[in-house]
Amino acid sequence: MNASAMQLATWWQALPVIVAVLAALYLPGGAVAVASGRRGVDLVALAPVVSIVIMGMSGIVAYAIGLPWGWPCYLIATAAVCVVVVGVRIVGTRFGRSPLRAAGASGDAPLEPVRRPVWWRRVTPAFAGVALAAVSTTVRLIHAVPSPDQITQNYDSVFHDNIVARIIVTGQASSLHALPPIRDVYPIAFQQFAALGALAVRGTTAAAAITGAWLVFAALLWPTAVLFLVRCICGAHAITDFLAPVLAVVCAAGPFLLLDWGTLYSMFAGNVVLPVSLGLVWTWCASGWKRGVRDAGLGLVWIAVAVLAVSLCHFRVMMTGLLLALPVLVVWVFDVLRAVRRSSKALFHALIVGGALVIAAVLALGVRVFVLMYLRGVDRPIAAHLNGGPAQPTEHIPSAIMRFLLGRPIDSSNTPLAVFWPVAVLIVGALIVALVVHSRESLMLVASFVLLGVIFVSSAGTHADWAKVLTALWYKDQRRPFAAWPIVAAALICWAVGHLVTTYGARCVARRPWTRSIVAVLVVAFALMACAINPQLDGMGRAVGRTYGFAAGDADSPMLSRDEYLMLKRMSALVPEGDRVVSDPWNGSGFLLAVGWRTPFYPHLSMMWDHDHDYLARNLHAIDTDPEVCAIIQRNDLRWYLDMGGSFAPHDPQHVMFDGMRPVPGAMEPVARQGRAVLYRIVACGMPR
């Protein structure tokens, strides 16, 4: 028996998996970004975006041409992309300036037009901020989740963890065939990174690989992406370079909010990448579109790459992206119309008329669809939509407004977390500064903040029909839009800080040189305090710990106790490869493939079961008297039965069919036991012993 199967993995044991995911996320995309001419913060922020695109597309293409997907396929795809990028750059260089130069790079409009310092002074604030953010997130995750083998145990976790296991076992990693027959089309780029981590380190469970991948995305990619966005808006500035990544992990429970919900790995990954796409859109709409056809076209290419990366993580995150980018896009449209009017009034009028017709047609179509779906008939079908637990309001509109303004999320038990007053004061002050200054940039940021607030308040504050319609793209779940709160808040706070430093900083330093040191000490002290003494993050850490916690003793909820998990880890040593195991998937055995690398006869908690699956689930208890049960066992060559207690949701209608499943003495012989979890060999029905 492998000793590692008898214990939970430690974080030190998971370190090679984390390093493998880190390499997969940064090195391939970094090679492409370097080949395209990106450097500095641009390189660090865009490398993962490119890697995600290569990752997702290589899985789809490999499946289409019948190749197994894994490290070799991923690296070959990376090499092919590098060759294409280098070739385009060489061709472009022959005919003038390279077309792959970093068009619209962040930091093009620094806040202070001063002489550029030496390189290490330029990168030190950003590096320090990202390092502090990474350490804060890592320490809090390890404190909340003592072992990376722990697993978020709810309905959807079975789906996500088994996707990773299926990729590892079968080499199939297409988002168009994610986990058949349960679900085909589903974005799985995040799961692919987790699978590469497990493939690099033999013996790693899919659960540990997912937790390791989450840590890489949260601790490094998230603060770097927010830093990139802030630089695109504010330019390069020591204070904002340091503050941006720190604010990313201390605002609104940082990256832990969706983790507390337990299974939103794909949406979390898309949310992490989103700031990069927003930064690219901001830069292009502000100045990139004016730089000539070639540079404008290249800016659009980078935007398309970032949008594709977000979509390959989870395409619904783009709804939040469009919401936050809407003010920037509207201002850009007015800029274009003004430019067109100066050059050609006829073209200007044609665009106005054409745009008005398109908008009217879209609105008419939307109203028609709305009437047919939600208003036709006396029963008002909209009342039957979006009524699940996450869609329920948790308060009234006034309290929801106040909670959004103060950056106060709720945990998975709908308990509001503490207000972190330093950030709350900063965001209120930033809004005041932005409205007083009322510049183009500040008003766009305020508009994005308000739009996000409207969606959040509509989700959290009322269950009215209009709120269901307005928030349907977010499942009327307040956590999904609120996860973007740190994106807008960090950008708005950094803009306000940058404006104040630009307006008053040089004057104060000229009069009192020592003020520079005082400001630096205050900023560093705030960052350290926000990371170390943060009651909001402490509360979120406790919530995440509960989400990952094992069931106590003989409890059925959550699905797995520590002993039951360890029994699943032993399955690869107890059950021959290729054999399937019969068990009630609602008792935790749904994680069998993800933890024990053996295939369960019931691969998910609920699906369209065929006759054999349905009949056996209802009648296994009659194995020694019902010939049809024996016929099914023989027909499917079922030799193993795993008993792990009762269902975690015994009253769920989807579980009723499994009520007939229990061990039968004489027809089954116990082979191994871990706590109350028992593996039986089926010896009835003429099955070999």
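Structure first, text after, so check above.
Residues numbered from 1 in each chain as written. Predicted model: local features only at pLDDT ≥ 70, side-chain atom pairs only at ≥ 80, totals over all residues. Heavy atoms only, no water.

Draft legend 1. How the structure looks around the side chain of histidine 613. In this structure, histidine 613 sits in helix H24 (residues 611–619). A distance of 2.7 Å separates the side chain of histidine 613 from the side chain of aspartate 610, its partner in a polar contact. With residues up to four places along the chain from it excluded, the contact list for histidine 613 reads Phe601, Tyr602 and Met657. (Helix = DSSP H or I, 4+ residues; strand = E, 2+ residues; numbered from the N terminus. Polar contact = N/O pair within 3.5 Å; in protein donor to acceptor, adjacent residues only side chain to side chain. Contact = heavy atoms within 4.5 Å.)

Draft legend 2. Spatial organisation of the sheet that holds strand E1 (residues 580–582). The strand order E2-E1-E3-E5-E4 describes an open sheet built from five strands, whose pairing is mixed. Since the sheet does not close on itself, it has two edges, and those belong to strand E2 (599–600) and strand E4 (668–674), each with one partner. When strand E3 (residues 640–643) meets strand E5 (residues 677–682), the two strands line up antiparallel, connected through four bridges. Residue pairing in the sheet places leucine 642 in a bridge with leucine 679 of E5. Helix H22 (residues 562–574) contacts E1, E3, E4 and E5 of the sheet and is inclined by roughly 120° relative to E4. (Pairing = 2+ DSSP bridges. Axes fitted to C-alpha atoms, helices over the stretch in contact; angles between N-to-C directions.)

Draft legend 3. Region of the structure containing the pattern of salt bridges. All chains considered together, the criterion is met by 16 salt bridges. Its salt-bridge partner being aspartate 538, residue arginine 140 comes within 2.8 Å of it at the nearest N-O pair. Taken as a pair, arginine 140 in helix H4 (residues 119–144) and aspartate 538 in helix H21 (residues 535–548) lie far apart in primary sequence, 398 residues in all. Here aspartate 335 and arginine 338 are joined by a salt bridge, their closest N and O atoms 2.4 Å apart. Placement of the pair is aspartate 335 and arginine 338 together in helix H12 (residues 317–343), with a separation of three residues, close to one helical turn. Residues joined in a network through salt bridges with shared partners are Asp335, Arg338 and Arg440. (Salt bridge = Lys/Arg side-chain N within 4 Å of Asp/Glu carboxyl O.)

Draft legend 4. Summary view of the nonpolar core. Core analysis: the biggest nonpolar cluster contains 166 residues, and Ile52, Phe217 and Trp485 have the highest contact counts within it. Sorting elements by how many residues they give to this core places helix H7 (residues 206–234) first, with 21 residues. With sequence-adjacent residues up to four places away left out, phenylalanine 217 is seen in contact with Leu25, Ile52, Phe190, Phe193, Trp222, Phe268, Ala269 and Val272. Counting 54 residues, the second-largest nonpolar core is a separate cluster that includes Phe601, Tyr641, Ala672 and Cys685. (Core = buried A, V, L, I, M, F, W, Y, C linked by side-chain atoms within 4.5 Å. Buried < 20%, exposed > 50% of the residue type's maximum accessible area, 1.4 Å probe, protein only.)

Draft legend 5. Geometry of unusual backbone geometry. Residues proline 180 and proline 181 are joined by a peptide bond in cis, for which omega reads 0°. A cis geometry characterises the amide bond from serine 557 onward to proline 558, with omega recorded as -5°. For proline 558, the location among the structural elements is in the loop between H21 and H22. Of note, the phi angle at alanine 252 is positive, near 50°, even though the residue is not glycine. Relative to the elements of secondary structure, alanine 252 occurs in the loop between helix H8 (238–250) and helix H9 (257–261). Despite not being glycine, aspartate 637 has its phi angle at roughly 50°, a positive value. For aspartate 637, the location among the structural elements is in the loop between helix H25 (627–635) and E3.

Draft legend 6. Spotlight on the state of the cysteines. Inspection of the entire model under this criterion finds one disulfide. Here cysteine 630 pairs with cysteine 685 through a disulfide, and the sulfurs are 2.0 Å apart. Around the S-S axis, the bridge from cysteine 630 to cysteine 685 shows a dihedral of about -70° and counts as left-handed. Of this pair, cysteine 630 sits in helix H25 while cysteine 685 sits in the segment after E5, and the two are 55 residues apart along the sequence. Each member of the pair cysteine 630 and cysteine 685 is classed as buried. With no disulfide of its own, cysteine 73 lies closest to cysteine 82 among cysteine sulfurs, the gap being 15 Å. (Disulfide = S-S within 2.5 Å.)

Draft legend 7. Seen up close, the pairing of E5. Of all the six residues making up E5, five are buried; the element is thus mostly covered by neighbouring parts of the structure. Two elements, E4 and E5, share six bridges in a ladder whose sense is antiparallel. Across the sheet, glutamate 669 pairs through a bridge with arginine 681, a residue of E5.

Draft legend 8. Representation of the packing of aromatic side chains. Summed over all chains, the structure comprises 24 aromatic pairs. Residues phenylalanine 190 and phenylalanine 268 carry aromatic rings whose centres are separated by 6.5 Å and whose planes lie at 90° to one another, so their mutual orientation is edge-to-face. Linking phenylalanine 190 in helix H6 (residues 189–200) with phenylalanine 268 in helix H10 (residues 265–286), this pair joins segments that are 78 residues apart in sequence. When its relative accessible area of 1% is taken as the criterion, phenylalanine 190 is described as buried. Judged by its relative accessible area of 3%, phenylalanine 268 falls in the buried class. With a centroid separation of 4.9 Å and an interplanar angle of 45°, the aromatic rings of phenylalanine 404 and phenylalanine 449 are classed as tilted. You can see phenylalanine 404 sitting in helix H14 (residues 397–405) and its partner phenylalanine 449 sitting in helix H16 (residues 440–461), a full 45 residues away along the chain. Assessed through its relative accessible area of 4%, phenylalanine 404 is described here as buried. In textbook terms, an aromatic cluster arises when at least three aromatic residues are bridged by ring pairs, as seen for Phe190, Phe193, Trp214, Phe217, Phe256, Tyr265 and Phe268. The cationic tip of arginine 38 hangs over the ring face of tryptophan 302; the distance from NZ or CZ to the ring centre is 4.7 Å. Residue placement shows arginine 341 over the ring face of phenylalanine 348; its charged tip is 5.4 Å from the ring centre. (Phe/Tyr/Trp six-rings, centres within 6.5 Å; stacked < 30°, edge-to-face > 60°. Lys NZ or Arg CZ within 6 Å of the ring centre and 35° of its normal.)

Draft legend 9. Just the packing of H12 against H16, in detail. The interhelical angle for the contact between H12 and H16, taken along N-to-C directions, is 140°, at an axis separation of 8 Å. The pairing of H12 with H16 is recorded here as oblique in orientation. Regarding H12 and H16, the two cross each other, and that crossing is right-handed. Between H12 and H16, the contacting residues are Thr320, Leu323, Leu324, Leu326, Pro327, Val328, Val331, Asp335 and Arg338 on the first element and Arg440, Met444, Ala447, Ser448, Leu451, Leu452 and Ile455 on the second. When grouped by side-chain class, the residues that make up the contact of H12 with H16 number eleven nonpolar, two polar and three charged. (Parallel < 35°, antiparallel > 145°, perpendicular 65-115°, else oblique. Left-handed = near helix turned anticlockwise from the far one by under 90°. Nonpolar A, V, L, I, M, F, W, Y, C, P; charged D, E, K, R; others polar.)

Draft legend 10. How the structure looks around H14. Taken residue by residue, H14 has Ala400, Arg403 and Phe404 as its buried positions. Looking straight down H14, one finds that the buried residues subtend no more than 100° of arc, so they occupy a single side. One or two steps after H14, the chain reaches glycine 407, where phi turns positive at roughly 65°. (Arc of directions from axis to C-beta.)

Draft legend 11. Main features of the environment of leucine 566. Note on placement: leucine 566 falls in helix H22. Along the primary structure leucine 566 and glutamine 674 are separated by 108 residues, whereas in three dimensions their C-alpha atoms are 7.3 Å apart.

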